[in-house]
Amino acid sequence: PFIHFLPDVLRPIPTITTFHDLRFPFLFPKAGALRDWIVMRLARASNGVIATNHEDAARLNDLCMALIPIGSNITAANDSDPAHKRQQIGASASDFLIAYFGLINRSKGIDTLIESLARLRGAGVPARLVLIGGGAGSSDPTNAATIQALDDLIDTHKLTAFVHKTGYLDDAAVSSWLHAADAVALPFTDGASYRRGTLMAAIQHECAIVTTQPQVDIPTFVDGENMLFVPPNDPAALADALCRLNESPELRAKLRQGAAEIAPQFEWTAIARDTLRFYERVIGASI
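Everything numeric here is computed off the predicted structure, so don't read it as measured data. (Residues numbered from 1 in each chain as written. Predicted model: local features only at pLDDT ≥ 70, side-chain atom pairs only at ≥ 80, totals over all residues. Heavy atoms only, no water.)

*Asks:* Sorry, what's going on with the pairing of strand S8 (residues 209-212) here?
*Replies:* Remark: a regular strand shows side chains that alternate across the two faces of the sheet. Neither face of S8 is open: one carries Ile209 and Thr211, the other Val210 and Thr212, and all of them are buried. When strand S7 (residues 183-186) meets S8, the two strands line up parallel, connected through three bridges. Pairing of Leu186 across the sheet is with Thr211, part of S8. Remark: the S7/helix H8 (residues 197-204)/S8 crossover connection has right-handed handedness. As paired elements, S8 and strand S9 (residues 228-230) share three bridges and run parallel to each other. Each bridged residue has a counterpart across the sheet, and for Val210 the counterpart in S9 is Leu228. (Buried < 20%, exposed > 50% of the residue type's maximum accessible area, 1.4 Å probe, protein only. Helix = DSSP H or I, 4+ residues; strand = E, 2+ residues; numbered from the N terminus. Pairing = 2+ DSSP bridges. Right-handed = clockwise from strand over helix to strand, strands pointing away.)

*Asks:* Would you explain the sheet that holds strand S2 (residues 48-51) in this entry?
*Replies:* Note: strands within a sheet are paired through backbone hydrogen bonds, in either parallel or antiparallel orientation. The strand order across the open sheet formed by three strands is S1-S2-S3, and the pairing between neighbours is parallel. Whereas interior strands pair on both sides, the edge strands pair on one side only; in this sheet they are strand S1 (16-19) and strand S3 (65-67). Here the average twist between neighbouring strands, direction ignored, is 20°. Strand direction decides the pairing type here: S1 and S2, joined by four bridges, are parallel. What sits directly across from Thr18, in S2, is Ile50. Sitting on the sheet, helix H11 (residues 268-286) touches S1, S2 and S3, and the angle it makes with S2 is about 160°. (Axes fitted to C-alpha atoms, helices over the stretch in contact; angles between N-to-C directions. Contact = heavy atoms within 4.5 Å.)

*Asks:* What is the right way to look at the pattern of salt bridges in this model?
*Replies:* Any two side chains of opposite charge can pair, given that their charged atoms come close. Counted according to the given criterion, the structure contains 10 salt bridges. A salt bridge links Lys254 to Glu225, with the shortest nitrogen-to-oxygen separation between them at 3.4 Å. A residue pair is termed long-range when its members are at least 10 positions apart, and Lys254 in helix H10 (residues 249-262) and Glu225 in the loop between S8 and S9 qualify at 29 residues. Assessed through its relative accessible area of 40%, Glu225 is described here as partly exposed. If you follow the salt bridges from partner to partner, you end up with Asp8, Arg11 and Arg41 in one network. (Salt bridge = Lys/Arg side-chain N within 4 Å of Asp/Glu carboxyl O.)

*Asks:* I would appreciate a short explanation of the nonpolar core in the present structure.
*Replies:* Nonpolar side chains in soluble globular proteins tend to end up buried together. Grouped together as the largest cluster of nonpolar side chains are 66 residues, with contacts concentrated most on Ile98, Ile114, Leu129, Leu199, Ile203, Phe221 and Leu242. Here this core gets seven residues from one element, more than from any other, and that element is helix H9 (residues 235-247). Not counting residues up to four positions away in its chain, the partners in contact with Phe221 are Ala192, Ser193, Tyr194, Leu199, Met200, Ile203, Asn226, Met227, Phe229, Ile262 and Phe266. The next biggest cluster of nonpolar side chains, apart from the first, holds 11 residues, and it includes Leu22, Val49, Ala51 and Ala57. (Core = buried A, V, L, I, M, F, W, Y, C linked by side-chain atoms within 4.5 Å.)

*Asks:* Which parts of the structure should I look at to understand the packing of aromatic side chains?
*Replies:* Ring pairs (aromatic) are described by centroid distance and by the angle formed between their planes. Summed over the entire model, instances satisfying the criterion amount to two aromatic pairs. Ring geometry for Tyr194 against Phe266: centres 5.1 Å apart, planes inclined by 85°, an arrangement best described as edge-to-face. Note that Tyr194 is positioned in the loop between S7 and H8 and Phe266 in the loop between H10 and H11, a separation of 72 residues in sequence. Here the two residues Tyr194 and Phe266 agree in accessibility, since each one is buried. Pairwise contacts between aromatic rings join Tyr194, Phe221 and Phe266 into one cluster. (Phe/Tyr/Trp six-rings, centres within 6.5 Å; stacked < 30°, edge-to-face > 60°.)

Here is the structure:
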(Lines give C-alpha, C1' and ligand atoms only; values in the text may rest on other atoms or scores of the structure.)
Protein backbone atom coordinates (compact mmCIF):
# COMPACT_ATOMS: atom_id res chain seq x y z
CA PRO A 1 0.00 0.00 0.00
CA PHE A 2 2.85 2.42 0.72
CA ILE A 3 3.76 2.79 -2.97
CA HIS A 4 0.61 4.91 -3.32
CA PHE A 5 2.29 7.63 -1.25
CA LEU A 6 5.55 7.68 -3.21
CA PRO A 7 4.91 11.09 -4.87
CA ASP A 8 4.72 12.70 -1.42
CA VAL A 9 8.02 11.12 -0.37
CA LEU A 10 9.85 12.14 -3.54
CA ARG A 11 8.81 15.78 -3.81
CA PRO A 12 10.11 18.00 -5.35
CA ILE A 13 11.21 15.28 -7.78
CA PRO A 14 8.33 14.89 -10.31
CA THR A 15 6.54 11.55 -10.31
CA ILE A 16 4.84 10.02 -13.33
CA THR A 17 2.65 6.94 -12.83
CA THR A 18 1.56 4.51 -15.53
CA PHE A 19 -1.66 2.69 -14.72
CA HIS A 20 -2.03 -0.51 -16.68
CA ASP A 21 -5.51 -0.55 -15.25
CA LEU A 22 -7.40 1.19 -12.46
CA ARG A 23 -8.97 -1.96 -11.14
CA PHE A 24 -8.91 -2.23 -7.38
CA PRO A 25 -5.68 -3.55 -5.83
CA PHE A 26 -5.65 -5.99 -2.95
CA LEU A 27 -4.63 -4.14 0.22
CA PHE A 28 -5.98 -6.26 3.06
CA PRO A 29 -9.23 -8.19 3.69
CA LYS A 30 -12.37 -6.01 3.73
CA ALA A 31 -10.52 -2.90 2.54
CA GLY A 32 -13.69 -1.92 0.68
CA ALA A 33 -13.86 1.65 -0.67
CA LEU A 34 -10.32 2.31 0.53
CA ARG A 35 -8.99 0.35 -2.44
CA ASP A 36 -10.47 2.79 -4.96
CA TRP A 37 -9.52 5.82 -2.86
CA ILE A 38 -5.87 4.85 -2.56
CA VAL A 39 -5.46 4.26 -6.31
CA MET A 40 -7.02 7.59 -7.21
CA ARG A 41 -4.94 9.28 -4.53
CA LEU A 42 -1.78 8.06 -6.26
CA ALA A 43 -3.10 9.39 -9.56
CA ARG A 44 -3.91 12.83 -8.13
CA ALA A 45 -0.59 13.08 -6.26
CA SER A 46 1.43 12.28 -9.38
CA ASN A 47 2.66 15.10 -11.61
CA GLY A 48 1.52 13.12 -14.62
CA VAL A 49 -0.34 9.88 -15.30
CA ILE A 50 -0.38 7.52 -18.26
CA ALA A 51 -3.46 5.43 -18.98
CA THR A 52 -3.15 2.45 -21.30
CA ASN A 53 -6.81 2.21 -22.27
CA HIS A 54 -9.88 4.36 -22.90
CA GLU A 55 -11.81 3.11 -19.88
CA ASP A 56 -9.17 4.36 -17.46
CA ALA A 57 -8.46 7.52 -19.44
CA ALA A 58 -12.08 8.55 -18.90
CA ARG A 59 -11.54 8.38 -15.12
CA LEU A 60 -8.28 10.31 -15.26
CA ASN A 61 -9.20 13.00 -17.77
CA ASP A 62 -9.18 15.84 -15.23
CA LEU A 63 -5.48 15.17 -14.51
CA CYS A 64 -2.29 15.71 -16.50
CA MET A 65 -2.79 12.56 -18.52
CA ALA A 66 -1.70 10.78 -21.69
CA LEU A 67 -3.33 7.73 -23.29
CA ILE A 68 -0.50 5.47 -24.45
CA PRO A 69 -1.47 1.88 -25.29
CA ILE A 70 0.35 -1.33 -24.51
CA GLY A 71 1.90 -3.20 -27.41
CA SER A 72 1.83 -6.79 -28.54
CA ASN A 73 3.31 -9.34 -26.17
CA ILE A 74 4.25 -11.52 -29.17
CA THR A 75 6.77 -10.53 -31.83
CA ALA A 76 5.49 -11.19 -35.33
CA ALA A 77 7.77 -13.62 -37.15
CA ASN A 78 7.83 -14.56 -40.81
CA ASP A 79 6.28 -17.95 -41.46
CA SER A 80 6.85 -19.24 -44.96
CA ASP A 81 4.77 -22.41 -44.46
CA PRO A 82 1.53 -21.81 -42.53
CA ALA A 83 0.06 -24.91 -44.19
CA HIS A 84 2.46 -27.04 -42.13
CA LYS A 85 0.88 -25.76 -38.90
CA ARG A 86 -2.59 -26.56 -40.20
CA GLN A 87 -1.54 -30.07 -41.18
CA GLN A 88 -0.38 -30.72 -37.60
CA ILE A 89 -4.01 -30.65 -36.43
CA GLY A 90 -5.55 -32.19 -39.54
CA ALA A 91 -6.82 -28.89 -40.98
CA SER A 92 -6.88 -28.89 -44.75
CA ALA A 93 -6.71 -25.85 -47.00
CA SER A 94 -10.50 -25.95 -47.31
CA ASP A 95 -11.12 -26.01 -43.54
CA PHE A 96 -11.94 -22.75 -41.78
CA LEU A 97 -9.39 -22.48 -38.99
CA ILE A 98 -10.34 -20.19 -36.09
CA ALA A 99 -7.70 -19.22 -33.54
CA TYR A 100 -8.06 -18.06 -29.96
CA PHE A 101 -4.95 -16.80 -28.20
CA GLY A 102 -4.38 -16.18 -24.51
CA LEU A 103 -4.86 -17.51 -21.02
CA ILE A 104 -8.19 -19.01 -20.12
CA ASN A 105 -10.52 -17.38 -17.63
CA ARG A 106 -14.17 -16.44 -17.36
CA SER A 107 -13.72 -13.00 -18.94
CA LYS A 108 -12.42 -14.39 -22.24
CA GLY A 109 -15.76 -15.75 -23.49
CA ILE A 110 -14.31 -19.06 -24.64
CA ASP A 111 -17.52 -20.88 -23.74
CA THR A 112 -19.29 -18.59 -26.22
CA LEU A 113 -16.65 -19.50 -28.81
CA ILE A 114 -17.17 -23.24 -28.23
CA GLU A 115 -20.92 -22.81 -28.59
CA SER A 116 -20.44 -20.88 -31.82
CA LEU A 117 -18.12 -23.61 -33.16
CA ALA A 118 -20.87 -26.16 -32.48
CA ARG A 119 -23.30 -23.99 -34.45
CA LEU A 120 -20.88 -23.68 -37.36
CA ARG A 121 -20.24 -27.42 -37.49
CA GLY A 122 -23.96 -28.06 -37.26
CA ALA A 123 -24.54 -25.76 -40.25
CA GLY A 124 -22.01 -27.65 -42.33
CA VAL A 125 -19.13 -25.18 -42.04
CA PRO A 126 -15.81 -27.11 -41.90
CA ALA A 127 -14.64 -25.09 -38.91
CA ARG A 128 -11.84 -26.00 -36.55
CA LEU A 129 -10.58 -24.18 -33.47
CA VAL A 130 -7.02 -23.90 -32.19
CA LEU A 131 -6.56 -22.60 -28.65
CA ILE A 132 -3.10 -21.04 -28.71
CA GLY A 133 -1.41 -21.01 -25.34
CA GLY A 134 -4.49 -21.29 -23.23
CA GLY A 135 -3.11 -22.10 -19.79
CA ALA A 136 -5.04 -21.29 -16.65
CA GLY A 137 -2.72 -18.60 -15.30
CA SER A 138 -2.47 -17.92 -11.59
CA SER A 139 -4.34 -14.65 -11.04
CA ASP A 140 -7.80 -16.19 -10.58
CA PRO A 141 -8.40 -19.36 -8.52
CA THR A 142 -11.51 -20.14 -10.59
CA ASN A 143 -9.50 -20.59 -13.80
CA ALA A 144 -9.00 -24.33 -13.30
CA ALA A 145 -12.74 -24.80 -12.88
CA THR A 146 -13.31 -22.73 -16.03
CA ILE A 147 -11.01 -25.01 -18.02
CA GLN A 148 -12.85 -28.10 -16.75
CA ALA A 149 -16.19 -26.55 -17.71
CA LEU A 150 -14.85 -25.84 -21.21
CA ASP A 151 -13.63 -29.43 -21.57
CA ASP A 152 -17.09 -30.64 -20.54
CA LEU A 153 -18.70 -28.30 -23.09
CA ILE A 154 -16.43 -29.60 -25.85
CA ASP A 155 -17.39 -33.17 -24.92
CA THR A 156 -21.09 -32.31 -24.80
CA HIS A 157 -20.99 -30.95 -28.35
CA LYS A 158 -18.73 -33.79 -29.55
CA LEU A 159 -16.10 -31.30 -30.72
CA THR A 160 -12.99 -33.01 -29.40
CA ALA A 161 -11.73 -33.79 -32.90
CA PHE A 162 -12.16 -30.16 -33.97
CA VAL A 163 -10.60 -28.33 -31.00
CA HIS A 164 -6.83 -28.36 -30.65
CA LYS A 165 -5.00 -27.03 -27.58
CA THR A 166 -1.38 -26.11 -28.13
CA GLY A 167 -0.41 -25.53 -24.50
CA TYR A 168 2.39 -23.09 -23.75
CA LEU A 169 4.37 -22.00 -26.83
CA ASP A 170 7.29 -19.69 -27.45
CA ASP A 171 6.78 -16.46 -29.38
CA ALA A 172 7.77 -17.90 -32.74
CA ALA A 173 5.28 -20.77 -32.49
CA VAL A 174 2.46 -18.46 -31.38
CA SER A 175 3.25 -16.20 -34.32
CA SER A 176 3.15 -19.16 -36.71
CA TRP A 177 -0.30 -20.21 -35.48
CA LEU A 178 -1.67 -16.68 -35.81
CA HIS A 179 -0.41 -16.57 -39.39
CA ALA A 180 -1.91 -19.99 -40.12
CA ALA A 181 -5.43 -19.15 -38.92
CA ASP A 182 -8.17 -17.90 -41.22
CA ALA A 183 -9.66 -15.80 -38.40
CA VAL A 184 -8.93 -14.91 -34.79
CA ALA A 185 -11.88 -14.89 -32.37
CA LEU A 186 -11.54 -12.98 -29.09
CA PRO A 187 -15.05 -12.80 -27.61
CA PHE A 188 -14.20 -10.97 -24.37
CA THR A 189 -17.16 -10.70 -22.02
CA ASP A 190 -16.23 -7.10 -21.19
CA GLY A 191 -15.65 -5.99 -24.78
CA ALA A 192 -12.63 -5.20 -26.92
CA SER A 193 -10.19 -2.89 -25.21
CA TYR A 194 -6.63 -1.59 -25.31
CA ARG A 195 -6.26 -3.59 -22.06
CA ARG A 196 -6.02 -6.81 -24.03
CA GLY A 197 -2.47 -7.69 -25.09
CA THR A 198 -3.80 -10.66 -27.06
CA LEU A 199 -5.89 -8.31 -29.18
CA MET A 200 -2.78 -6.20 -29.78
CA ALA A 201 -0.97 -9.38 -30.91
CA ALA A 202 -3.73 -10.21 -33.39
CA ILE A 203 -3.56 -6.67 -34.78
CA GLN A 204 0.22 -6.82 -35.11
CA HIS A 205 -0.13 -10.10 -36.99
CA GLU A 206 -2.66 -8.49 -39.35
CA CYS A 207 -5.30 -11.10 -38.56
CA ALA A 208 -8.96 -11.12 -39.56
CA ILE A 209 -10.36 -10.44 -36.09
CA VAL A 210 -13.79 -11.05 -34.59
CA THR A 211 -14.22 -9.61 -31.12
CA THR A 212 -16.88 -8.07 -28.90
CA GLN A 213 -18.29 -4.57 -28.97
CA PRO A 214 -16.20 -2.23 -26.78
CA GLN A 215 -17.87 -0.86 -23.67
CA VAL A 216 -16.59 2.64 -24.47
CA ASP A 217 -15.94 4.49 -27.71
CA ILE A 218 -12.59 3.48 -29.24
CA PRO A 219 -12.15 5.44 -32.47
CA THR A 220 -9.26 3.25 -33.64
CA PHE A 221 -11.43 0.14 -33.78
CA VAL A 222 -13.90 0.30 -36.69
CA ASP A 223 -16.45 -2.45 -37.18
CA GLY A 224 -16.19 -3.93 -40.66
CA GLU A 225 -12.94 -2.11 -41.42
CA ASN A 226 -10.26 -3.53 -39.11
CA MET A 227 -12.29 -6.06 -37.09
CA LEU A 228 -15.83 -7.37 -36.72
CA PHE A 229 -17.84 -6.63 -33.57
CA VAL A 230 -20.41 -8.95 -32.01
CA PRO A 231 -22.33 -8.65 -28.73
CA PRO A 232 -20.72 -10.44 -25.76
CA ASN A 233 -22.07 -13.83 -24.64
CA ASP A 234 -23.92 -14.33 -27.94
CA PRO A 235 -22.92 -17.60 -29.66
CA ALA A 236 -25.36 -17.06 -32.55
CA ALA A 237 -23.95 -13.62 -33.40
CA LEU A 238 -20.38 -14.88 -33.13
CA ALA A 239 -21.18 -17.86 -35.36
CA ASP A 240 -22.80 -15.56 -37.92
CA ALA A 241 -19.74 -13.27 -38.00
CA LEU A 242 -17.37 -16.23 -38.39
CA CYS A 243 -19.61 -17.67 -41.10
CA ARG A 244 -19.35 -14.37 -42.99
CA LEU A 245 -15.58 -14.59 -42.84
CA ASN A 246 -15.60 -18.20 -43.98
CA GLU A 247 -17.73 -17.31 -46.98
CA SER A 248 -15.84 -14.15 -47.94
CA PRO A 249 -12.08 -14.21 -48.57
CA GLU A 250 -12.54 -10.59 -49.63
CA LEU A 251 -13.81 -9.59 -46.17
CA ARG A 252 -10.94 -11.45 -44.52
CA ALA A 253 -8.49 -9.58 -46.73
CA LYS A 254 -10.17 -6.26 -45.93
CA LEU A 255 -9.93 -6.85 -42.18
CA ARG A 256 -6.31 -7.90 -42.46
CA GLN A 257 -5.50 -4.74 -44.38
CA GLY A 258 -7.37 -2.69 -41.79
CA ALA A 259 -5.40 -4.31 -38.98
CA ALA A 260 -2.15 -3.59 -40.82
CA GLU A 261 -3.09 0.09 -41.06
CA ILE A 262 -3.61 0.52 -37.30
CA ALA A 263 -0.78 -1.80 -36.21
CA PRO A 264 1.92 0.95 -36.16
CA GLN A 265 0.05 2.69 -33.31
CA PHE A 266 0.78 -0.32 -31.09
CA GLU A 267 4.44 -0.83 -31.94
CA TRP A 268 6.79 -0.55 -28.97
CA THR A 269 8.95 2.03 -30.72
CA ALA A 270 5.92 4.33 -31.04
CA ILE A 271 4.93 3.64 -27.43
CA ALA A 272 8.45 4.49 -26.23
CA ARG A 273 8.49 7.69 -28.29
CA ASP A 274 5.12 8.86 -26.96
CA THR A 275 6.12 7.99 -23.39
CA LEU A 276 9.35 9.95 -23.68
CA ARG A 277 7.52 12.99 -25.03
CA PHE A 278 5.07 12.88 -22.13
CA TYR A 279 7.93 12.57 -19.61
CA GLU A 280 9.62 15.60 -21.15
CA ARG A 281 6.40 17.62 -21.04
CA VAL A 282 5.69 16.77 -17.39
CA ILE A 283 9.27 17.32 -16.26
CA GLY A 284 9.43 20.63 -18.15
CA ALA A 285 6.26 21.83 -16.45
CA SER A 286 7.61 20.79 -13.04
CA ILE A 287 10.88 22.70 -13.23
